[in-house]
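# Overview (structure and organization)
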Amino acid sequence: MTKGLYAIFILVAVSIFSCNQTTPKDEKTTTKSELGSCESNLPSRFGETTSDLAIKQGKADHKGMVWIKGGSFIMGSADKEGREDEFPRHKVELDGFWIDATEVTNAQFRTFVKETGYITTAERKPDWEEIKKQVPPGTPKPPDSVLVASSLVFSPPNRAVSLNDASQWWSWEKGADWQHPQGPKSNIIGKDNYPVVQVSWNDAMAYCKWAGKRLPTEAEWEYAALGGLKDVSYPWGNEDIEKGKPKANTWQGNFPNKNTNWDGFYRLAATKQFKPNGYGLFDMAGNVWEWCSDWYDHDYYETIKNTVSHNPTGPTKSNDPMEPLVPKRVVRGGSFMCNATYCKGYRVSSRMKTSADTGLEHTGFRCVAD
């Protein structure tokens with residue numbers, strides 16, 4: 001990374017993805033540092049504005065979707081590995097809905113871009129006025145040569161490093177976007193059936209509007225991920241992820257420098273590489289983080305603990321104690337980078353968050369429809 005790129009990387013990405021190893025909730029009090037998320041310390045580049053205003057509302061096609069019958073479930077962590085924001089458990093009632101069987105693919109997103117001319121967040125120049133609001137007062141403006149269309153890509157080190165320093169495995173790459181997930185020298189040729197990545201929440205919302213669909217609520221996502229099971233940790237049940245046959249695309253070995261590829265994949269995998277859950281949904285754990293429609297509020301479950309929520313849409317505003325100046329949206333499901341000793345984001349109740357205009361190499365989405 002050049003000195004200039006490192007400067008902007010420090011501004012927007014130091015310590016991002018600072019997931020701590022989960023600790024049983026009843027063993028010790030959760031400290032502020034443990035509120036850190038796999039999406040931490042990433043200031044917004046453009047605020048909440050989107051570029052989808054000219055996109056016409058489409059009509060949903062249910063091809064490739066699965067109907068989820070309405071019902072009720074207990075939302076939140078069913079095990080002792082849940083983080084503080086996964087408690088208390090609470091009852092939720094949902095109407096039925098359609099949900100994509102897989103994450104939105106490169107091929108599907110390409111069709112959207114061709115028909116609309118949409119330009120993703122990663123392809124647009126960052127707005128220093130927005131960044132300035134979220135960094136310490138007096139932070140000098142980086143040179144214009146640094147404020148260019150770019151995104152963060154996974155750059156694993158060749159040695160073991162401290163898991164408290166995310167700059168050791170992320171780099172800010174000019175020209176990284178959905179067609180070039182790892183930078184300008186990469187491409188998605190031959191990867192039509194891979195999940196589209198490097199898409200922000202704003203990008204996902206624009207696609208959903210065009211497709212006549214929407215992003216799932218956090219409650220809908222968790223209900224779908226459970227696949228009809230109750231009181232389980234994973235979409236397949238409670239068996240540890242590295243016991244038996246591979247169940248999801250995650251990280252095995254020593255994160256972030258050594259992946260044994262036990263599951264058959266080092267980075268991103270195509271869709272439908274693992275057995276679906278009980279509802280016929282693929283990759284509800286691992287591969288890519290998936291955007292939900294909700295704002296993230298660390299204390300949201302506490303505010304609804306004594307109620308039965310019917311089709312909840314989440315809090316009215318963001319509340320991230322770690323980064324109160326950065327509005328966050330919820331992401332769910334974990335990614336190919338999640339490791340059992342570092343970040344168990346693939347647990348069905350695991351809640352993570354990031355700013356709405358953030359695109360990353362391991363973040364995608366799937367849609368739902370009423």
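What you are looking at is a predicted structure, and each value in this text was computed from that prediction instead of being measured. (Residues numbered from 1 in each chain as written. Predicted model: local features only at pLDDT ≥ 70, side-chain atom pairs only at ≥ 80, totals over all residues. Heavy atoms only, no water.)

### Section: the overall build of the protein
Across its full length, the protein carries six helices and 14 strands. Here the protein holds 370 residues, and the buried ones make up 57% of them. By sequence separation, contacts in the protein at least 24 residues apart represent 75% of the contacts at least 6 residues apart. As presented, the protein carries roughly 15400 Å² of accessible surface, and 52% of it is formed by carbon and sulfur atoms. (Helix = DSSP H or I, 4+ residues; strand = E, 2+ residues; numbered from the N terminus. Buried < 20%, exposed > 50% of the residue type's maximum accessible area, 1.4 Å probe, protein only. Contact = heavy atoms within 4.5 Å. Areas by Shrake-Rupley, 256 points an atom, 1.4 Å probe, with all protein chains shown as cover.)

### Looking at the sheet that holds strand E1 (residues 65-68)
Strand order in the open sheet formed by three strands is E1-E4-E14, and the pairing between neighbours is antiparallel. At either end of the open sheet lies a strand with only one pairing partner, and these are E1 and strand E14 (368-369). Here strand E4 (residues 97-100) pairs with E14 via two bridges, running antiparallel. Residue pairing for E14: isoleucine 99 is matched across the bridge by valine 368. Against the sheet, helix H5 (residues 218-226) contacts E1, E4 and E14, and its axis sits at roughly 75° relative to E4. (Pairing = 2+ DSSP bridges. Axes fitted to C-alpha atoms, helices over the stretch in contact; angles between N-to-C directions.)

### A short note on the confidence of the model for the protein
Mean pLDDT for the protein: 86, with 86% of residues reaching 70 or above. The low-confidence segment residues 1-43 (pLDDT under 50) makes 124 contacts with residues lying over four places distant or belonging to another chain. Across residues 46-50, where pLDDT falls below 50, the model places 17 contacts with residues more than four positions away in sequence or in other chains. (pLDDT = per-residue confidence, 0-100.)

### Details of the packing of aromatic side chains
Overall, the coordinates contain 22 aromatic pairs when judged by the stated rule. When the centroid spacing of 5.3 Å and the interplanar angle of 80° are considered together, the rings of tryptophan 251 and phenylalanine 255 count as edge-to-face. Across the pair, exposure class does not vary: tryptophan 251 and phenylalanine 255 are buried alike. Taken together, the ring pairs connect Phe109, Phe112, Tyr118, Trp178, Tyr207, Trp210 and Phe365 into an aromatic cluster. (Phe/Tyr/Trp six-rings, centres within 6.5 Å; stacked < 30°, edge-to-face > 60°.)

### Let's talk about the packing of helix H2 (residues 106-116) against helix H4 (residues 201-211)
Where H2 meets H4, the axes come as close as 11 Å, and the angle between the chain directions of the two elements is 75°. Looking at the two axes, H2 sits roughly perpendicular to H4. Residues Gln108, Phe109, Thr111, Phe112, Glu115 and Thr116 of H2 form the contact with H4, whose participating residues are Asp203, Ala206, Tyr207 and Trp210. For the contact of H2 with H4, the residue count by class is five nonpolar, three polar and two charged. (Parallel < 35°, antiparallel > 145°, perpendicular 65-115°, else oblique. Nonpolar A, V, L, I, M, F, W, Y, C, P; charged D, E, K, R; others polar.)

### Details of the pairing of strand E12 (residues 352-355)
Burial along E12 is two-sided: the residues Met352 and Thr354 and Lys353 and Ser355 are all buried. Sheet topology places strand E11 (residues 328-332) next to E12; four bridges connect them, and they run antiparallel. Bridge assignment links valine 330 to a residue of E12, and that residue is lysine 353.

### Topic: the pattern of salt bridges
Taken as a whole, this structure holds 18 salt bridges when the rule is applied. A salt bridge links arginine 347 to aspartate 79; the nearest nitrogen and oxygen atoms lie 3.1 Å apart. Of this pair, arginine 347 sits in the loop between E11 and E12 while aspartate 79 sits in the loop between strand E2 (71-75) and strand E3 (90-94), and the two are 268 residues apart along the sequence. For arginine 347, a relative accessible area of 0% translates into the label buried. Glutamate 220 is paired through a salt bridge with arginine 214; the nearest N and O atoms lie 2.8 Å apart. For glutamate 220, a relative accessible area of 6% corresponds to the buried category. Residue arginine 214 is classed as partly exposed on the basis of its relative accessible area of 24%. A network of salt bridges, in which partner residues are shared, links Glu218, Glu222, Arg332 and Arg351. (Salt bridge = Lys/Arg side-chain N within 4 Å of Asp/Glu carboxyl O.)

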